[in-house]
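Commentary on secondary and tertiary structure
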Amino acid sequence: MNKLLTGLAIGVAIGILLAPDKGSETRKKIAEKGNDLKDMFNDFVDTLSDKIDSIRGQAEDVVESAKAEPYSV
């Protein structure tokens, strides 16, 4: 996922830099796209964190369940 975001950022930057705009407009667009990418990354991290917490909770439930059951051989 990190490579995807890096590639996306590079593609957006190149596209903006090649567009025939004034320098101030180009800098503004780059800043906006940078903020958009930062927001996307933060959303990704939040989603990943939520999934990890969910998996951790499930694993703890399995461990507790295993502890409660008598051992059988």
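As a reminder, the structure under discussion sits directly above these lines.
The following paragraphs examine the structure supplied in this document. (Residues numbered from 1 in each chain as written. Predicted model: local features only at pLDDT ≥ 70, side-chain atom pairs only at ≥ 80, totals over all residues. Heavy atoms only, no water.)

1. Overview of a negative patch on the surface
Where like charges cluster on the molecular surface, the negative patch consists of Glu25, Glu32, Asp36, Asp39, Asp43, Asp46 and Asp50. Its location among the elements puts Glu25 in helix H2 (residues 23-68). (Patch = residues over 30% accessible without salt bridge, like charges linked within 9 Å, V, L, I, M, F, W, Y side chains within 5 Å. Areas by Shrake-Rupley, 256 points an atom, 1.4 Å probe, with all protein chains shown as cover. Salt bridge = Lys/Arg side-chain N within 4 Å of Asp/Glu carboxyl O. Lys, Arg positive; Asp, Glu negative; His and termini not counted. Charge placed at Lys NZ, Arg CZ, Asp CG, Glu CD. Helix = DSSP H or I, 4+ residues; strand = E, 2+ residues; numbered from the N terminus.)

2. Concerning the packing of helix H1 (residues 2-18) against H2
H2 packs onto H1 with a crossing angle of 165° between their chain directions and a minimal axis gap of 10 Å. With respect to their mutual orientation, H1 and H2 come out roughly antiparallel. Considering how the two elements wind past one another, H1 and H2 form a crossing that is right-handed. Facing H1, whose interface residues are Leu5, Leu8, Ala9, Val12, Ile16 and Leu17, H2 presents Thr26, Lys29, Ile30, Lys33, Leu37, Met40 and Phe41. A class-by-class count of the residues in the contact of H1 with H2 yields 10 nonpolar, one polar and two charged. (Axes fitted to C-alpha atoms, helices over the stretch in contact; angles between N-to-C directions. Parallel < 35°, antiparallel > 145°, perpendicular 65-115°, else oblique. Left-handed = near helix turned anticlockwise from the far one by under 90°. Contact = heavy atoms within 4.5 Å. Nonpolar A, V, L, I, M, F, W, Y, C, P; charged D, E, K, R; others polar.)

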